Amino acid sequence: WGTLGHQTVGYIAQEFLAPKALAFVQSSLGSTYDKSLGPAAPWADSVKYESAYRWSAPLHFVDAEDSPLSGSCFVQEQRDCGDEDCILTAIANYTTRVARTSLSATQRQQALKFLGDIGQPLHVEAYEVGGNDISAKCSGDSTNLHAAWDTGMVEKNIDDNHGGSVTTYAADLVAEIKSGSYKSLTSDWLSCTSITEPVSTRSSEAHSVEDDVKRLLSRGEDETAASITPLQCPLVWAQESNAFCCSVVFSYTSGEDLCTSSYYTKAVPVIDLQLAKQGYRLAAWLNVIFDGST
Ligand code: DCM
Ligand code: DCM
Ligand code: ZN
């Protein structure tokens with residue numbers, strides 16, 4: 001997502017934080033970010049082009065080598081991330097780091113700001129560099145498919161349907177979660193919440209949230225990013241995002257303006273759903289880490 005998408009996710013997550021997670025977020029982010037994940041969420045995007053943070057660019061996505069044009073969409077952790085850094089290893093790494101009291105306040109704040117980009121379908125797709133190499137039009141402007149999903153359609157959706165305000169957009173999605181069309185979906189959204197279950201165990205191993213938190217906090221201090229095993233839950237989230245590559249993302253007709261056609265009408269419900277779900281899941285994730293419950 002672009003800035004507006006990340007802010008939306010952050011503002012939604014902020015509304016669902018449990019007491020200890022909220023206390024950590026507020027003290028960690030402080031006045032720099034108005035004590036809120038909303039203003040803090042775009043940080044990881046904004047630094048990735050700086051030379052000091054160039055290493056972090058691959059942490060924003062996973063290149064799923066599937067075949068979305070042939071109707072085959074899936075993420076395979078070994079094939080698509082393997083021994084490299086990707087969004088799956090990044091979430092595992094920063095989940096541990098945000099909880100680690102031996103790290104500095106700055107390091108834990110950065111870990112917090114790195115959690116949350118996995119809902120964008122094209123961040124879970126290798127085809128044409130996640131759509132970056134597919135030229136497209138959005139409201140007459142030349143762009144590419146990836147950027148239309150990151151920013152073009154998000155911006156137009158906010159202008160068209162939410163008064164041009166990102167906080168209004170987030171509040172509208174929060175209302176859908178609390179009492180609207182998403183209310184009945186939220187328990188499914190949290191069907192996977194283990195902060196330590198590695199991908200290999202295939203979610204069959206049941207254990208309490210309490211054990212999960214203990215396991216996270218007992219992780220070795222010397223664990224490096226490279227040795228981190230991706231977690232099962234972020235892989236589940238990745239599969240959901242990636243599935244939209246088969247159902248919606250590549251189903252444009254050639255020359256179609258993505259932001260003024262039936263494509264936009266199909267894409268907006270996906271954008272709304274993915275942002276709402278990602279915000280709600282980010283809160284639940286932090287709640288498990290800090291409060292021991294979702
Ligand atoms: N970092 C990381 N993995 C690395 C190197 C750095 O996650 N291989 C992160 C940790 C901090 C930031 O970079 O968020 C700065 O690291 P440090 O405080 O160790 O300089
Ligand atoms: N991106 C992606 N998959 C890739 C490469 C890039 O999802 N294989 C994303 C990261 C940015 C956007 O595409 O959101 C543009 O990337 P860049 O600025 O690195 O060209
Ligand atoms: Zn992107």
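Since the structure is predicted, the reported quantities are computational estimates derived from the model, not experimental observations.

Draft legend 1. Layout of the overall build of the protein chain. Within the protein chain, the secondary structure is distributed over 13 helices and two strands. In summary, the protein chain has a C-alpha radius of gyration of 18 Å against a globular reference of 19 Å for 294 residues, a match within 12%. The principal-axis extent of the C-alpha atoms belonging to the protein chain is close to 55 × 40 × 40 Å. Of all intrachain contacts in the protein chain linking residues separated by at least 6 positions in sequence, the fraction that spans at least 24 positions is 72%. Total accessible area on the protein chain is roughly 12,600 Å²; 50% of this is exposed by carbon and sulfur atoms. Put simply, the protein chain has 20 plus and 37 minus side-chain charges, and the middle of one group is 6 Å from the middle of the other.

Draft legend 2. Layout of the packing of helix 1 (residues 3-15) against helix 9 (residues 166-179). Helix 9 packs onto helix 1 with a crossing angle of 45 degrees between their chain directions and a minimal axis gap of 9 Å. Taken as axis vectors, helix 1 and helix 9 run oblique relative to one another. As for the relative orientation of helix 1 and helix 9, their crossing is right-handed in sense. Packed against helix 1, whose contacting residues are Leu4, Gln7, Thr8, Tyr11, Ile12 and Glu15, the element helix 9 presents Val166, Thr167, Tyr169, Ala170, Leu173, Val174, Ile177 and Lys178 at the interface.

Draft legend 3. The environment of His146, seen in detail. Mapping His146 onto the fold places it in helix 8 (residues 145-161). In contact with His146, not counting residues within four places along its chain, are Gln120, Leu122, His123, Gly130, Gly131 and Asn132. In terms of polar contacts, His146 uses its side chain to reach the side chain of His123, at 3.0 Å.

Draft legend 4. Quick look at the site of ligand 2. Every residue close to ligand 2 is listed here: Lys48, Tyr49, Phe61, Asp63, Leu122, His123, Val129, Asn132, His146 and Asp150. Between an oxygen atom of ligand 2 and a main-chain N or O atom of Leu122, the distance comes to 3.4 Å. Within the complex, the protein chains bury 73% of what would otherwise be the 450 Å² of accessible surface of ligand 2. Class assignment of the residues belonging to the shell around ligand 2 gives a composition of four nonpolar, three polar and three charged.

Draft legend 5. Region of the structure containing the confidence of the model for the protein chain. For the protein chain, mean pLDDT is 93; residues scoring 70 or higher make up 95% of the total. Both scores are given for the predicted complex: the pTM is 0.92, the ipTM 0.79.

Draft legend 6. The state of the cysteines, seen in detail. Counted according to the given criterion, the structure contains four disulfides. At a sulfur-sulfur separation of 2.2 Å, the disulfide partner of Cys81 is Cys86. Classification of the bridge connecting Cys81 and Cys86 rests on its S-S torsion, roughly -110 degrees, and on that basis the disulfide is left-handed. In this structure, Cys81 and Cys86 share a single accessibility class: buried.

Draft legend 7. Broad picture of the coordination of the zinc ion (ligand 3). Donor atoms from the polypeptide that bind the zinc ion (ligand 3) are His123 (NE2), His146 (NE2), Asp150 (OD) and Asp150 (OD), placed at 1.9 to 2.7 Å. In primary sequence terms, the donor set of the zinc ion (ligand 3) follows H-x22-H-x3-D. Note that His146 and Asp150 are positioned in helix 8 at a spacing of four residues, about one turn of the helix. The same class applies to His146 as to Asp150, namely buried.

Draft legend 8. Local environment of the site of ligand 1. In the region of ligand 1, the neighbouring residues are Trp55, Asn93, Tyr94, Arg97, Gln107 and Gln110. One of the side-chain N or O atoms of Asn93 is found 3.2 Å from an oxygen atom in ligand 1. In this structure, Gln107 approaches ligand 1 through a side-chain N or O atom, which is 3.0 Å from an oxygen atom. For ligand 1, the protein covers 56% of the area, taking 450 Å² as the surface of the free molecule. Of all the secondary-structure elements, those providing two or more residues to the shell around ligand 1 are helix 6 (87-99) and helix 7 (105-114). If you tally residues by element for the shell around ligand 1, the top one is helix 6, at three residues.

Draft legend 9. Just unusual backbone geometry, in detail. Backbone geometry places Glu128, a non-glycine residue, at a positive phi of 50 degrees. Positionally, Glu128 belongs in the loop between helix 7 and strand 1 (135-138). The phi dihedral of Val129 is positive, around 50 degrees, even though this residue is not glycine. Position of Val129 among the secondary structure elements: in the loop between helix 7 and strand 1. Residue class for Val129 comes out partly exposed when judged on its relative accessible area of 47%.

Draft legend 10. A look at the packing of aromatic side chains. In total, this model carries 13 aromatic pairs according to the counting rule given. Arranged with centres 5.3 Å apart and planes meeting at 85 degrees, the rings of Trp43 and Phe114 form a pair that is edge-to-face. Separated by 71 residues along the polypeptide, Trp43 in helix 4 (residues 43-47) and Phe114 in helix 7 bring together distant segments of the chain. Across the pair, Phe114 and Trp43 agree in class, each one buried. Both rings, one in Trp237 and one in Trp285, keep their centres 5.0 Å apart while their planes meet at 75 degrees; by these two values the pair is edge-to-face. Taken as a pair, Trp237 in helix 12 (residues 232-249) and Trp285 in helix 13 (residues 262-291) lie far apart in primary sequence, 48 residues in all. Residues Trp237 and Trp285 agree in their burial class; the two are buried.

Parameters at a glance
- Residues numbered from 1 in each chain as written.
- Chains lettered and ligands numbered in written order.
- Predicted model: local features only at pLDDT ≥ 70, side-chain atom pairs only at ≥ 80, totals over all residues.
- Heavy atoms only, no water.
- Helix = DSSP H or I, 4+ residues; strand = E, 2+ residues; numbered from the N terminus.
- Rg over C-alpha atoms; globule rule 2.2 N^0.38 Å.
- Contact = heavy atoms within 4.5 Å.
- Areas by Shrake-Rupley, 256 points an atom, 1.4 Å probe, with all protein chains shown as cover.
- Lys, Arg positive; Asp, Glu negative; His and termini not counted.
- Charge placed at Lys NZ, Arg CZ, Asp CG, Glu CD.
- Axes fitted to C-alpha atoms, helices over the stretch in contact; angles between N-to-C directions.
- Parallel < 35°, antiparallel > 145°, perpendicular 65-115°, else oblique.
- Left-handed = near helix turned anticlockwise from the far one by under 90°.
- Polar contact = N/O pair within 3.5 Å; in protein donor to acceptor, adjacent residues only side chain to side chain.
- Near = heavy atom within 4 Å.
- Nonpolar A, V, L, I, M, F, W, Y, C, P; charged D, E, K, R; others polar.
- pLDDT = per-residue confidence, 0-100.
- Disulfide = S-S within 2.5 Å.
- Buried < 20%, exposed > 50% of the residue type's maximum accessible area, 1.4 Å probe, protein only.
- Donors = N, O, S within 2.8 Å, 3.2 Å for Na, K, Ca; no water.
- Phe/Tyr/Trp six-rings, centres within 6.5 Å; stacked < 30°, edge-to-face > 60°.

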